[in-house]
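The primary structure of each chain is shown beneath.
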Amino acid sequence: ALTGCQSTPRLGGDPKLQVLPNNELPVPVREDLASGTSPYYIGPYDKLIIDVYGITELSNREVQVDAAGRLSFPLAGEIEAAGKTPREIQSEIALRLQQGFVRSPQVTVNMKETVSRVVTIDGQVRKPGRYPVVGRMTLMGAVATAEGTDEFSKLDDVVIFRTVNGQRYAALYDLDAIRHGAYSDPEIYASDVIMVGDSRARHLFKDLLAIVPAIATPLVIAVDRFTN
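Residues numbered from 1 in each chain as written. Predicted model: local features only at pLDDT ≥ 70, side-chain atom pairs only at ≥ 80, totals over all residues. Heavy atoms only, no water.

A. Summary view of the sheet that holds strand S6 (residues 107-113). Spatially, S3-S2-S6 is the arrangement adopted by the three strands of the open sheet, whose pairing is antiparallel. Strands at the two margins of the open sheet, each flanked by one partner only, are strand S3 (61-64) and S6. With strand direction ignored, the average angle separating the axes of adjacent strands in the sheet is 30°. Pairing of strand S2 (residues 47-52) with S6, which is carried by six bridges, proceeds in the antiparallel orientation. (Pairing = 2+ DSSP bridges. Helix = DSSP H or I, 4+ residues; strand = E, 2+ residues; numbered from the N terminus. Axes fitted to C-alpha atoms, helices over the stretch in contact; angles between N-to-C directions.)

Quick look at the structure:
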């Protein structure tokens, strides 16, 4: 049963997906990293430049969104910014100013620095989710950001999905081999998707331990041989 559970699905099959060997994923071009015509949604740590026309004290102010997705602006107070567009933020600031302080305020909100571009990390990591790509990030760093692999992770079944010039690519990596220096740690870019595989044999093993704890020691030895 353990042997049967160890089979890994073949990577690929989607005619629009090109599967490449390790370390051969192409680097995204500018168009891949740009948001295109879709609206940009503000995220934590993004920096904005906010101007209120005609009011020097409220013009050219640099505001950073905090970790919880909020920002503060004079006379407007605290605003929930995460998940909103710059235009929605300027409308909200204008409304608050108009309610008590400024007649017909003209507010503009522009992005200064974007750090909410994200990578998606899923599968057998301790904390799957979407994480910001700040500076240079590698596969090991990305997995560490998701608090590392868990007890059921299949380290030789880690897939990176990437889209370059409209073409979807995927490559299979062995995280344990990277950790031991067998080959270089690949760089991760915004919009990449990382999927860490699931060792179903270890799942089954844990279920067996719950049923027959008295024979735990010999089963530990056996499953280690299957999964290492």
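On we go.
B. The environment of Gly148, seen in detail. Mapped onto the elements of the fold, Gly148 is located in the loop between helix H4 (139-145) and strand S10 (153-164). Owing to a relative accessible area of 16%, Gly148 belongs among the buried residues under this scheme. Excluding residues within four positions of it along the chain, Gly148 makes contact with Val125, Arg126 and Val143. (Buried < 20%, exposed > 50% of the residue type's maximum accessible area, 1.4 Å probe, protein only. Contact = heavy atoms within 4.5 Å.)

C. Spatial organisation of the sheet that holds strand S7 (residues 118-123). The sheet built from six strands is open, its strands ordered S1-S11-S10-S13-S7-S8 with mixed pairing. Unpaired on one side and paired on the other, strand S1 (17-20) and strand S8 (129-132) mark the two borders of the sheet. Sheet twist, expressed as the mean angle between neighbouring strand axes with direction ignored, is 25°. Summarising the sheet, S10 and strand S13 (residues 193-198) pair through six bridges and their orientation is antiparallel. Across the sheet, the residue bridging to Phe161 is Val193, located in S13.

D. View of the pairing of S13. Two strands pair when backbone bridges link them, and S7 and S13 are joined in this way by four bridges, in the parallel orientation. If you follow Ile121 over to S13, its bridge partner there is Ile194.

E. Inspection of the pattern of salt bridges at higher detail. Here the structure, examined in full by the defined rule, presents eight salt bridges. One salt bridge connects Glu92 with Lys84, and the closest N-O pair in it is separated by 2.8 Å. Residue Arg136 is joined to Glu187 by a salt bridge in which the shortest nitrogen-to-oxygen separation is 3.6 Å. A residue pair is termed long-range when its members are at least 10 positions apart, and Arg136 in the loop between S8 and strand S9 (137-138) and Glu187 in strand S12 (residues 187-188) qualify at 51 residues. Each of Lys84, Glu92 and Arg96 takes part in salt bridges that share partners, so that together they form one network. (Salt bridge = Lys/Arg side-chain N within 4 Å of Asp/Glu carboxyl O.)

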